[in-house]
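Single-letter residue listing:
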Amino acid sequence: PRGLLAGHREMMTATASIPLVPRVTPAHPARRVGPRAWGGSGGWRRPRIGIRMDRRSAGDAPKPPADNSDLEPEQRDYTGTLKQYEDVPLVPKKLPAMLFPAEEVLLPGSAQVLHLYEARFLALLDEVTNETGGLFAHVTFLPPAQDEADDGGLRVNQVATLVRVEEVQREEVGAKVTIIGESRLSLRELEEKSQRGYLVGTFVPIPVMRNDGSAAYTPSKTELDEVEALADFIDDAVNDCVALVDKLLDGDGDEKLWDVGEVANEVEWGHGEVGNLKRAMAWIEGPYVTLDMLHVPCSMSERDWLRDAVEERVKHSELQLAERLSFACLQVAPASTEADYARLVSCRNVAMSAQHGLMDRLRLGKTLLEEQRSALRAKVALKSAFGAADDA
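Residues numbered from 1 in each chain as written. Predicted model: local features only at pLDDT ≥ 70, side-chain atom pairs only at ≥ 80, totals over all residues. Heavy atoms only, no water.

Asks: Would you mind showing me how to read the overall build of the chain here?
Replies: Across its full length, the chain holds 8 helices and 11 strands. The contacts in the chain between residues at least 6 apart in sequence include a share of 79% that link residues at least 24 apart. For the chain, the accessible area works out to roughly 18,400 Å², and carbon and sulfur atoms hold 51% of it. (Helix = DSSP H or I, 4+ residues; strand = E, 2+ residues; numbered from the N terminus. Contact = heavy atoms within 4.5 Å. Areas by Shrake-Rupley, 256 points an atom, 1.4 Å probe, with all protein chains shown as cover.)

Asks: Explain the pattern of salt bridges here, please?
Replies: For side chains bearing opposite charge, pairing can occur when the charged atoms are close. Counted under the stated rule, the structure contains 13 salt bridges. Of the charged contacts in the structure, one is a salt bridge between lysine 94 and glutamate 191, with a shortest N-O distance of 3.2 Å. Highlighted residues: lysine 94 in strand 4 (residues 93-101) and glutamate 191 in strand 9 (residues 175-193), separated in sequence by 97 residues. (Salt bridge = Lys/Arg side-chain N within 4 Å of Asp/Glu carboxyl O.)

Asks: What am I meant to see in the pairing of strand 10 (residues 198-205) here?
Replies: Residues in a regular strand project their side chains so that they alternate between the two faces of the sheet. Counting buried residues along strand 10, 8 of its 8 residues qualify, which places the element largely inside the surrounding structure. In terms of strand pairing, strand 4 meets strand 10 through 5 bridges, oriented antiparallel. Each bridged residue has a counterpart across the sheet, and for alanine 97 the counterpart in strand 10 is leucine 199. With 8 bridges joining them, strand 9 and strand 10 adopt antiparallel strand pairing. Paired with serine 186 across the bridge in strand 10 is valine 204. (Buried < 20%, exposed > 50% of the residue type's maximum accessible area, 1.4 Å probe, protein only. Pairing = 2+ DSSP bridges.)

Asks: Teacher, can you tell me more about the side chain of threonine 178 here?
Replies: Assignment of secondary structure puts threonine 178 in strand 9. Non-local contacts of threonine 178, meaning those with residues more than four positions away in its chain, are made with Gln112, Val113, Arg164, Val165, Glu166, Glu167 and Arg279.

Asks: I tried to follow helix 2 (residues 221-248) on my own but got confused; where do I start?
Replies: For an α-helix, 3.6 residues make a turn, and residues three or four places apart therefore share a direction. The end-to-end C-alpha distance of helix 2 is 40 Å, a good match for the 40 Å that 28 residues give at a rise of 1.5 Å each. The set of residues buried in helix 2 consists of Glu223, Val227, Leu230, Ala231, Ile234, Ala237, Val238, Cys241, Val242, Leu244, Val245 and Asp246. Following helix 2 by one or two positions, aspartate 250 has its phi on the positive side, about 55 degrees. (Expected span 1.5 Å × (residues − 1).)

Asks: Help me out: how do you make sense of the environment of proline 89 in this one?
Replies: Mapped onto the secondary structure, proline 89 falls in the loop between strand 3 (81-82) and strand 4. The spatial distance from the C-alpha of proline 89 to the C-alpha of valine 204 is 9.7 Å, given a sequence separation of 115 residues.

Asks: Explain the pairing of strand 6 (residues 135-142) to me, please; I cannot follow it from the model alone.
Replies: Where burial is concerned, most of strand 6 is hidden: 8 out of the 8 residues are buried. Bridge count for strand 4 against strand 6 is 5 bridges, and the pairing is parallel. Following the sheet pairing, phenylalanine 100 is matched in strand 6 by threonine 140. Judged from the 4 bridges that link them, strand 6 and strand 8 (residues 159-170) form a sheet pairing that is antiparallel. When the bridges of strand 8 are listed, leucine 135 appears paired with arginine 164. Relative to strand 7 (residues 154-157), strand 6 runs antiparallel, the two being bridged by 2 bridges.

Asks: Is there a simple way to think about the environment of valine 113 in this case?
Replies: Tracing the chain through its elements places valine 113 in strand 5 (residues 111-116). Linking valine 113 and valine 168, residues 55 residues apart in sequence, is a C-alpha distance of 9.9 Å.

Asks: Explanation requested: a negative patch on the surface in the structure shown.
Replies: A contiguous patch of negative charge, built from Glu228, Asp232, Asp235, Asp236 and Glu318, is present on the exposed surface. Sort the elements by how many residues they give to the negative patch and helix 2 lands first, with 4 residues. Assignment of secondary structure puts aspartate 232 in helix 2. (Patch = residues over 30% accessible without salt bridge, like charges linked within 9 Å, V, L, I, M, F, W, Y side chains within 5 Å. Lys, Arg positive; Asp, Glu negative; His and termini not counted. Charge placed at Lys NZ, Arg CZ, Asp CG, Glu CD.)

Asks: Sorry if this is basic, but what is going on with the environment of arginine 170 here?
Replies: Here arginine 170 is to be found in strand 8. A sequence separation of 55 residues divides arginine 170 from histidine 115, and the C-alpha atoms of the two residues are 9.9 Å apart. In this view, arginine 170 contacts Leu125, Asp126 and Ala175; residues no more than four positions away in its chain are not counted.

Asks: Would you take a moment to explain the confidence of the model for the chain for this structure?
Replies: When pLDDT is low, close inspection of the predicted coordinates is not appropriate. In the predicted model, the chain carries a mean pLDDT of 77, and 72% of its residues have values of at least 70. In this model, residues 1-36 is a region of pLDDT below 50 whose contacts with residues beyond four sequence positions or in other chains number 159 contacts. Contacts for the low-pLDDT stretch residues 257-270, under 50 throughout, to residues beyond four places or in other chains number 25 contacts. (pLDDT = per-residue confidence, 0-100.)

Shown next as structure tokens:
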């Protein structure tokens, strides 16, 4: 495998070209927290007849920009054991899908707020809530390659995100929908559901971590020790970032730092970044939600994906917790610049690739959090210095 515990080697980030002409709302600025609007001037136009999927080689997988080349994990030696295992065929399943620009990639553990108001997207929402247990696919597309003519199609990432609808707020016009990324998917085919106007994809799940490793690889004690050390570092760095943000926002003290009761309100009223970080850290302890667990038709009310968490029956191994942490820690830091946000997007796209495994993602998270913590410390020191000058 390209990275430790990378799972099935054949599942690599690739692209596919489909003839869609997007009309997409511009990407969010680094500090914008408002809901994603779909409909009217946003979203996508109907595909032309004859959707085609053009499989490409793993060498065409999207890379970070040149100035973020240090994010691409380096080759490393492996000291664990390859497993002799029976390769169980993955059963493809169809799901409604929504397209987003690559800079809006949604990792497992991350949250996003959508404002749906066009008929086709409300129809998709109806199917998701009544037929697929609140699950759909979050698919990203890339800009045209430099060496390719623009034929009006889209290059679509083969690795997508299985998302769960957490909350639906019906409004006078449309609906505001909160979604949570749960696990990764491998895209096999994408087509338009002609009668209702939205996209439907055929996907297979990218396997999640088992108790003792991936389906193909058992890590050595040395590798397990490194995973533990990286996870401990990330945990400490996340706590430091939350504490530093509290100082920046003139918080009242440590007793409320990890209170997630008002996360939804924080997202709306300007503390969205720290609210999303808290939400992501809470997600780590929740149950896995994967495509192979879905049996249609089922409604959201019939399929309570979080019941195990509520009833305290979730028991993750240390490796499983580390896997979930490796995704959840890649969040937007408060007061981020456009450059900071662009670097985070590069991190997230590398993390989504099935070419990279747990160790790669943990090292990526360590690098990002070191940078975020240093930047926050500098901002707190600057604030303290100006505060002291004002008092004088």
